[in-house]
Amino acid sequence: MEGEQLRLLLVEDDDGYARIIPRALTRSGLDFELARATSMEEARRLTREGSFDAVLLDLSLPDSEGKNTFVDMRRLVSDVPIIVLTAIDDRRLALDAVKAGAQDYLVKGQVDLLSLARSIRYAVERQLNQTEQNRRIARLGLLRDVDDELTRRLDIAYVLRMAMDAALRLSAASAGIIGILEEGNLVISEDINYAPRLIAGISLLEQGIVGRALRQRQAQCVTDVSQDPDYIQIIKETQAQIAIPLVSQERLIGFLNLETRNPTRFNPETFEFLKLLAARIATHMDNARLYEQSQQQLEQLRQLEQIKTDMIRIATHDLRTPISNIMGYNYLLRQALCDDPNADLCTYVDAIDHSAERMRTITDDILSLERLEAMKALNVQRVNLNELSQRAYYECRERAQQKCQQFDLDIPRRPLIAQGDPALLYEAISNLVNNAIKYTPERGQVQLRLQTRSGGAVFEVEDTGYGIPEDQQARLFQPFFRARSEETMDIDGTGLGLHLVKSIVERHGGQIVFHSVYGRGSTFGFRLPFKGSTPLKSGG
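Sequence positions are assigned chain by chain, starting from 1 and proceeding in written order. The model is predicted, so local features are restricted to residues of pLDDT at least 70 and side-chain atom pairs to those at 80 or more, both for listing and for counting; the totals for chains, interfaces and linings are taken over all residues. Note: side-chain values were computed over all heavy atoms of the structure, leaving out hydrogens and water.

Visitor: Just give me the short version of the pattern of salt bridges, but keep the residues and values in it.
Guide: We define a salt bridge as a side-chain nitrogen of Lys or Arg found within 4 Å of a carboxyl oxygen belonging to Asp or Glu. Throughout the structure, instances matching the rule amount to 15 salt bridges. The salt bridge partner of Arg212 is Asp228, with a shortest N-O separation of 2.9 Å. One end of the pair, Arg212, is in helix 8 (residues 208–216); the other, Asp228, is in the loop between strand 10 (220–222) and strand 11 (240–248), with 16 residues separating them in the sequence. According to the relative accessible area criterion, Asp228 is buried, its value standing at 13%. A salt bridge links Lys275 to Glu272; the shortest N-O distance between them is 3.1 Å. Residue Lys275 and its partner Glu272 are located together in helix 9 (residues 268–337), separated by three residues, close to a single helical turn. Relative accessibility under 20% of the residue-type maximum defines a buried residue, over 50% an exposed one, and the middle range a partly exposed one, all with a 1.4 Å probe and only protein chains included. Using a relative accessible area of 42% as the deciding quantity, one classes Glu272 as partly exposed. One network of salt bridges, with partners in common, ties together Arg449, Arg453, Glu460 and Glu462. Each helix corresponds to a stretch of at least 4 residues labelled H or I by DSSP, and each strand to a stretch of at least 2 residues labelled E; elements are numbered beginning at the N terminus.

Okay, here's the thing in structure tokens:
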């Protein structure tokens, strides 16, 4: 404000006092230009025709009176300081105006020359400081909004549009370009008020102020381009230019270039804010690019996964026929050798039969998983879990007896009825029971339990088998994973059974039940919700 002429508006209908004010200001040494309005209507016209640095306002006018006068004037000049002029008996009214936003008040007849000039200077200075503070807050808010908005969307095109908009709003530039580098080549990704013909033949990466900024990796602010030897004209009206390299993780990824016809817009504060914005743009651009690359890689992995799945499914289907042939011919071979005293040949036949049976189990498990994953909807119906548990118990009892195991079934008297796919649920139950028998040594114990617990049906198989080493339990339900211990090395398995059980249970909205202590046994099972109802009685 120092050394600048102030444009003042005096709103005063008293001619005598209106003559005193300019004389007093002149004698105080204040450099000013004064316009006068004798009514609120005239004040409206003057404020429409030009701008003012301060307003001296009498609250008593021919067409406006009291606090309403100040309110009306505040609407006309919202960002201009207003000093209220009041009579002695209107001091309370002046205080109300100050509370409403007036910068100061002066009582007519009690104002000396110095206090009048000082009041005007202070009012203008306070308003300038407030305006500057508001501008800084607005810019910081813009940076925050840009951060919030760009964090929500990892899309390069969107990032560039938002960045260009924010840069123009911060700088009030006339034109702008954001360029990105792809394998050392420049791609103009977002621009405002530029046309391809304007930059045709110009190597922005090497020439001009942009080229210098990229070579030095340092932001450039040129407030008079006519004095810069590196400047290359793109837009004729340009008088100032800002070029900022976009760097993320010490890697140059592009640049931000802004031009303006008004050099005062590119002041040091604006330049600093633009550098802050550019740092955010670079980070978000890099994040968006990495996200885009990861999505492309993910899609490639999905395609490869689908190819692998298709190959496994085709191979599994195709293997079923030769496996059946091997087992059939092996049966005939066994019949031909049944009276042969050569025990070695019988051992070889047993080994072939055992291997073929294992291959068939693997293909059956893979096909079960493939069938489950291909299902768009389950064959949901009322399922009697008591019946499924009993069926599994009786079908597996002979295997348990062959190992001299104590094999028990504990189910409630009233049937537990759940909603689900009976074939899949039986497959899960049967798998758990067979696993328990297989991994429990001779003369061990296996118990099947079905009960109501926590608003759902819980099926469990508890055994006194080998148990699972603690360091292997976290991976137990992953496909093709088999827990290994000294006791289970010679036990055959595909590593798909538990994964299949987990998939079936989760498709039914249930949870796996699992607990194991190595060397003492395990409990495997699942809990199914009753879908908001209580367990139903058989028949209803």
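There is more to say, and it comes next.
Visitor: Which residues make up the packing of aromatic side chains, and what are the values?
Guide: Each Phe, Tyr or Trp ring, with Trp reduced to its six-membered ring, pairs with another whose centre is within 6.5 Å; inter-plane angles below 30 degrees give stacked pairs, above 60 give edge-to-face pairs, and intermediate values give tilted ones. Within this structure, the stated rule accounts for six aromatic pairs. Taking 5.2 Å as the distance between ring centres and 75° as the angle between the ring planes, the aromatic pair formed by Tyr393 and Tyr394 counts as edge-to-face. Taking the centre distance of 5.7 Å and the plane angle of 35° together, the rings of Phe459 and Phe526 count as tilted. Of this pair, Phe459 sits in strand 17 (residues 456–463) while Phe526 sits in strand 19 (residues 521–529), placing them 67 residues apart in sequence. Each of the two residues, Phe459 as well as Phe526, counts as buried. Either the NZ atom of lysine or the CZ atom of arginine qualifies as a charge over a ring when it sits within 6 Å of the ring centre and within 35 degrees of the ring normal. The side chain of Arg7 reaches across the aromatic face of Phe52, ending 4.7 Å from its centre. Across from the ring centre of Tyr426, 3.7 Å away, lies the NZ or CZ of Arg391, which sits over that ring.

Visitor: Tell me about the packing of helix 11 (residues 385–402) against helix 12 (residues 422–438), and name the residues and values.
Guide: Every axis in this analysis is a line fitted to C-alpha atoms, fitted for helices over the stretch in contact. Angles between the N-to-C directions lie between 0 and 180 degrees. In the contact formed by helix 11 and helix 12, the axes pass within 9 Å of each other and the chain directions differ by 35°. Like other packed secondary-structure pairs, helix 11 and helix 12 cross with a definite hand, here right-handed. Between helix 11 and helix 12, the contacting residues are Leu385, Leu388, Ser389, Arg391, Ala392, Glu395, Cys396, Arg399 and Ala400 on the first element and Pro422, Leu425, Tyr426, Ile429, Ser430, Val433, Asn434, Ile437 and Lys438 on the second. In this count, Pro and Cys sit with the nonpolar residues alongside Ala, Val, Leu, Ile, Met, Phe, Trp and Tyr, while Asp, Glu, Lys and Arg are called charged and the others, Gly among them, polar. Considering only residue class, the contact of helix 11 with helix 12 consists of eleven nonpolar, three polar and four charged. For any pair of crossing helices, the crossing counts as left-handed if the nearer helix is rotated counterclockwise from the farther one by less than a right angle, and right-handed if it is rotated clockwise. Any two residues having at least one pair of non-hydrogen atoms within 4.5 Å are treated as being in contact.

Visitor: With reference to specific residues and values, describe the sheet that holds strand 6 (residues 82–86).
Guide: With parallel pairing, the five strands of this open sheet are ordered in space as 2-1-3-6-7. At either margin of the open sheet sits one strand with a lone partner, and together these are strand 2 (32–37) and strand 7 (104–107). Each strand of the sheet is rotated relative to its neighbour by a mean of 20°, with strand direction disregarded. Together, strand 1 (6–11), strand 2, strand 3 (54–58) and strand 6 form the strand contacts of helix 1 (residues 15–27), whose direction differs from that of strand 2 by roughly 170°. Pairing between strands requires that DSSP locate at least two bridges from one strand to the other.

Visitor: Describe the pairing of strand 11, and please don't skip the residues or the numbers.
Guide: Across the nine residues that make up strand 11, a large majority, eight, are buried. Pairing analysis gives three bridges linking strand 10 to strand 11, with the strands arranged antiparallel. Within strand 11, the position partnered with Val222 by the bridge is Gln241. Here nine bridges tie strand 11 to strand 12 (residues 251–260), and the two strands are oriented antiparallel to one another. Residue Pro245 lies in a different strand from strand 12, and its bridge partner there is Phe255. Hairpin geometry of strand 11 and strand 12 is characterised by an intervening segment of two residues between the two adjacent antiparallel strands and by a positive phi of about 55° at Gln249.

Visitor: Describe in detail the nonpolar core, supporting the description with residues and values.
Guide: The definition of a nonpolar core used throughout is a set of buried Ala, Val, Leu, Ile, Met, Phe, Trp, Tyr and Cys residues joined through side-chain atoms within 4.5 Å. The biggest cluster of nonpolar side chains holds 40 residues, and the ones touching the most others in it are Leu385, Phe407, Val433 and Phe459. The set of elements that each furnish at least two residues to this core consists of helix 11, helix 12, strand 16 (445–453), strand 17, helix 13 (497–507) and strand 19. When residues in this core are grouped by element, the largest group, nine residues, is from helix 12. For Leu385, the contacting residues outside a window of four places in its chain are Leu416, Ala418, Leu425, Leu450, Ala457 and Leu528. Core analysis: the second largest hydrophobic core is formed by 30 residues, Ile156, Val159, Ile180 and Met285 among them.

Visitor: Hey, could you go over the confidence of the model for the protein chain for me, with residue numbers and the actual values?
Guide: Confidence of the prediction at every residue is given by pLDDT, a number between 0 and 100. Here the protein chain averages 80 in pLDDT, while 81% of its residues score no lower than 70. Predicted confidence for residues 532–540 stays below pLDDT 50, and this span has twelve contacts to residues more than four positions away or in other chains.

Visitor: For the sheet that holds strand 16, give the residues involved together with the corresponding values.
Guide: Strand order across the open sheet formed by five strands is 14-16-17-19-18, with mixed pairing between neighbours. Where the open sheet ends on each side, the last strands, each with one partner, are strand 14 (406–410) and strand 18 (511–517). Direction aside, the axes of adjacent strands within the sheet are offset by 10° on average. In terms of strand pairing, strand 17 meets strand 19 through seven bridges, oriented antiparallel. In the strand pairing of strand 19, Ala457 is matched with Leu528.

Visitor: Run through the environment of Val349, naming residues and quoting values.
Guide: Relative to the assigned elements, Val349 resides in helix 10 (residues 343–374). Overall, Val349 belongs to the buried group, its relative accessible area being 4%. For Val349, the contacting residues outside a window of four places in its chain are Asn330, Leu333, Arg334 and Leu337.

Visitor: Tell me about helix 3 (residues 67–76), and please be specific about residues and values.
Guide: Residues of helix 3 that are buried include every one of Thr69, Phe70, Met73 and Arg74, and no others. Axial view of helix 3: buried residues confined to an arc of 130°, hence all on one face. Set apart from the buried face of helix 3 by more than 90 degrees, the exposed residues are Asn68 and Arg75. What the arc describes is the spread of directions from the helix axis to the C-beta atoms.

Visitor: I'd love a proper account of the side chain of Thr69, names of residues and values included.
Guide: Looking at the element boundaries, Thr69 is found in helix 3. Within polar-contact distance, the side chain of Thr69 engages the side chain of Ser64 at 2.7 Å. Apart from residues lying up to four places away in sequence, Thr69 is in contact with Met40, Leu57, Asp58, Leu59, Leu61 and Ser64. What qualifies as a polar contact is a pair of N or O atoms within 3.5 Å, subject to a donor-acceptor requirement within protein and to the restriction that residues adjacent in sequence count only when both atoms come from side chains.

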